Amino acid sequence: MTAATWSERYAASLMNTFGPPKLTLVRGEGAHVWDSDGKEYVDLLGGIAVNTLGHAHPALVAAVTEQVSTLTHVSNFFTTPQQVELAERLLAVTAVDGADGRVFFCNSGAEANEGALKLTRLTGRTHVVAMEDAFHGRTMGALALTSKAAYRAPFEPLPGHVTWVPFSDTEALAAAVTDETAAVVIEPLQGEAGVNVAPSDFLVAAREITKRHGALLWLDEVQSGMGRTGSWLASHPSGVVPDIVTLAKGLGGGLPIGALIGFGRAATLFEPGNHGTTFGGNPLSCAAALAVLATIEEEGLLARAAVVGERLRAALREDPRVLEVRGVGVLVGLTLARDVAPAVVAAAQEAGWIINATGPDRIRLAPPLVVTDSDVDSFLALWPALLDDAMAADS
Ligand SMILES: *Cc1c(COP(=O)(O)O)cnc(C)c1O
């Protein structure tokens, strides 16, 4: 079956939420994927920061295969060793200064944030302060905290009482938070906005401001967490102890799993009956996440993410047609001198590389943590020609 035929069948059978698919993919290995016509691509987007271990990593394959043939789902009337072990491991790698935490498992980033928003309501307050350019997901509650007008407008009214402040603006944050504020929600690294990094001193100030007003500090690390930045959490270098952390994308290495972690008083706000989910915390997804955590440690992938990210950023900065390069670890964003990002992405795909445009002049790279030096070298060697192609097409 050719890619064109799959696209036609897609258009006739799937809702048009994402626009036409760019490729029909059939197989992957490491950072490489193949389409239905047999063409090979290097995947420098990693399923949008999901495929931490790349595609078909033997450790993930083994863990999932073993679990699916043993026990896949049991309902939340019961627990499984995989669920308990994953909660313990997650707390061990995310808690700062030995903070006491508890985990709620779910299936996606939006669902983790939806749960977190409900949790904040149990403080008895409803006001939430969110950042401009934030992305927290597409369900109604997560969308209420997502700033992009085009995403929000068709679905208003959304759950209310949200105040917006410019990303990383400490003064504006201090002015917005009151004794009636339930929570402040921040992505320590805004991925969908094109990779904007909050400076550590902003996170430290946010902790101080929320503490002063008795509000919760909620860090959305759905994209930035689980090792992608070279730390388990992007917020770790700041030393900040949050009340809430939300995780998803990279956690299951491709299997759908999200987590809402509460520390301190936020750990125990939910009581039986307050919240739930059918699939969340099933042993299959938990086994996958345990394999991801173990493999990150065994293969030294935190250090690897930091090194690869620095190499990419340093080299991409060299080209005068790149105005700015941002990011931490293998979450890399850059701004081009002209609005040709979609053309660069198209040229890359033609040449066998998967990258992503987050705006007319913004490119994002989020390769698997296992991407090889030789793939990185080849991409950097090709990069000037991609810009040549895109800019020639534009003039
Ligand atoms: C992707 C993302 C979400 C939403 O996750 P889904 O799994 O798509 O629901 C939420 N927050 C951030 C920071 C994200 O990058």
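Residues numbered from 1 in each chain as written. Predicted model: local features only at pLDDT ≥ 70, side-chain atom pairs only at ≥ 80, totals over all residues. Heavy atoms only, no water.

### Re the overall build of the protein
- Counting its regular elements, the protein contains 13 helices and 17 strands.
- Taking 395 residues into account, the globule formula puts the C-alpha radius of gyration at 21 Å, and the protein, at 21 Å, falls close to it.
- Dimensions of the protein, computed from the C-alpha atoms along their principal axes, are close to 55 × 55 × 45 Å.
- Going through the 395 residues of the protein one by one, you find that 51% of them count as buried.
- Sequence-distant contacts, at least 24 apart, represent 70% of the contacts inside the protein between residues at least 6 apart.
- Accessible surface computed for the protein: about 16700 Å², of which carbon and sulfur atoms make up 57%. (Helix = DSSP H or I, 4+ residues; strand = E, 2+ residues; numbered from the N terminus. Rg over C-alpha atoms; globule rule 2.2 N^0.38 Å. Buried < 20%, exposed > 50% of the residue type's maximum accessible area, 1.4 Å probe, protein only. Contact = heavy atoms within 4.5 Å. Areas by Shrake-Rupley, 256 points an atom, 1.4 Å probe, with all protein chains shown as cover.)

### Here we look at the packing of aromatic side chains
- A full pass over the atoms with the stated rule returns 5 aromatic pairs.
- Counting every residue linked through ring pairs, the aromatic cluster contains Trp 353, Phe 379 and Trp 383.
- Its end group placed over the ring of Trp 34, Arg 27 keeps NZ or CZ at 4.0 Å from the ring centre. (Phe/Tyr/Trp six-rings, centres within 6.5 Å; stacked < 30°, edge-to-face > 60°. Lys NZ or Arg CZ within 6 Å of the ring centre and 35° of its normal.)

### Regarding the domain arrangement of the protein
- On domain assignment, one finds that the protein holds domain 1 (3-57 + 299-394) and domain 2 (62-298).
- Taking only C-alpha atoms into account, the centre of domain 1 sits 26 Å from that of domain 2.
- Listed as interface residues are 28 residues of domain 1 and, on the opposing side, 27 residues of domain 2.
- Of the roughly 2200 Å² buried where domain 1 meets domain 2, counting both sides, 59% is carbon and sulfur surface.
- Linking Glu 192 and Arg 364 is a salt bridge whose minimum nitrogen-to-oxygen distance equals 2.6 Å.
- Elements that contribute at least two residues to the side of domain 1 that touches domain 2 include exactly helix H2 (46-49), helix H11 (301-316), strand S13 (322-328), strand S14 (331-336) and strand S17 (362-365). (Domains from an automatic or database assignment. Buried area = accessible area lost by both parts, 1.4 Å probe. Salt bridge = Lys/Arg side-chain N within 4 Å of Asp/Glu carboxyl O.)

### Some remarks on the sheet that holds strand S15 (residues 353-354)
- In space, the 4 strands of this open sheet follow the order S1-S2-S3-S15, with mixed pairing throughout. The open sheet has two free edges, formed respectively by strand S1 (25-29) and S15, since each of these has just one partner strand.
- Pairing of strand S3 (residues 40-43) with S15, which is carried by 2 bridges, proceeds in the parallel orientation. Counted as the bridge partner of Val 42 is Trp 353 from S15. (Pairing = 2+ DSSP bridges.)

### Topic: the sheet that holds strand S6 (residues 162-165)
- Reading across the sheet, the 7 strands line up as S4-S12-S11-S10-S7-S5-S6 and stay open at both edges, with mixed pairing between neighbours. The outermost strands of the open sheet, each flanked by one partner alone, are strand S4 (101-106) and S6. Averaged over all adjacent pairs, the angle separating strand axes in this sheet is 20 degrees, with direction ignored.
- The pairing of strand S5 (residues 127-131) with strand S7 (residues 181-186) spans 4 bridges and is parallel. By the bridge assignment for S7, Val 129 is matched with Val 184.
- Running at roughly 125 degrees to S4, helix H4 (residues 81-94) makes contact with S4, strand S11 (244-247) and strand S12 (258-263) of the sheet. (Axes fitted to C-alpha atoms, helices over the stretch in contact; angles between N-to-C directions.)

### As for helix H9 (residues 200-213)
- For H9, built from 14 residues, the straight-helix expectation of 20 Å at 1.5 Å per residue is met to within 8% by its first-to-last C-alpha distance of 20 Å.
- Those residues of H9 that are buried lie in contact with S5, helix H8 (170-176), S7 and strand S10 (216-220). (Expected span 1.5 Å × (residues − 1).)

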